[in-house]
Amino acid sequence: MVLSPLSAHHGTSAFDMDTLTTLKGTVTKFEFMNPHALIFVDVAGSKGDVEHWIAEESSNNHLSRSGWDKNTLKPGDQITVAGHRARNGARVLELQCSECSVTDPQGKVWPYQ
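Residues numbered from 1 in each chain as written. Predicted model: local features only at pLDDT ≥ 70, side-chain atom pairs only at ≥ 80, totals over all residues. Heavy atoms only, no water.

A. Fine view of the pattern of salt bridges. In this structure the tally under the stated criterion is two salt bridges. In this structure, the salt-bridge partner of Glu31 is Lys29, at a minimum N-O distance of 2.8 Å. Across the salt bridge formed by Glu51 and Arg91, the nearest N and O atoms sit 3.7 Å from each other. Of this pair, Glu51 sits in strand E3 (residues 50–56) while Arg91 sits in the loop between strand E4 (78–85) and strand E5 (92–94), and the two are 40 residues apart along the sequence. Using a relative accessible area of 16% as the deciding quantity, one classes Glu51 as buried. (Salt bridge = Lys/Arg side-chain N within 4 Å of Asp/Glu carboxyl O. Helix = DSSP H or I, 4+ residues; strand = E, 2+ residues; numbered from the N terminus. Buried < 20%, exposed > 50% of the residue type's maximum accessible area, 1.4 Å probe, protein only.)

So, in structure tokens, the structure goes:
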């Protein structure tokens, strides 16, 4: 068996790019890392249960140019995220689009662009 490194990057085909999904919830974890920063958010479900979501942002390098840092979001922060949901129904949002955003606890809107 021969193994060789692959260089690949996923596209947006796994996400419903025609529909913007907006969620309000509580940050449980914020991973400011490459290749994509991840925001873990707990959202109240329609039946009173807690839904665990992951919102995938851009790279920390790209976000830092927009003013983000590892302390931009903290566990317990109440935020609103708007992005494109995974087509397979997973609780994952893609936030790398012009209409995508994160609204922080102070009401500041952080667009992807």
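B. Structural view of the confidence of the model for the chain. Mean pLDDT over the chain stands at 86; residues scoring 70 or higher make up 88%. This model gives residues 1–9 a pLDDT under 50, and the stretch forms one contact once residues within four places in sequence are excluded. (pLDDT = per-residue confidence, 0-100. Contact = heavy atoms within 4.5 Å.)

C. Main features of the environment of Trp53. Of note, Trp53 is situated in strand E3. When the C-alpha positions of Trp53 and Asp42 are compared, they lie 6.1 Å apart, and in sequence the two are eleven residues distant. Beyond its immediate chain neighbours, meaning those up to four positions away, Trp53 contacts Leu23, Ile39, Phe40, Val41, Val43, Arg85, Ala90, Arg91, Val92 and Leu93.

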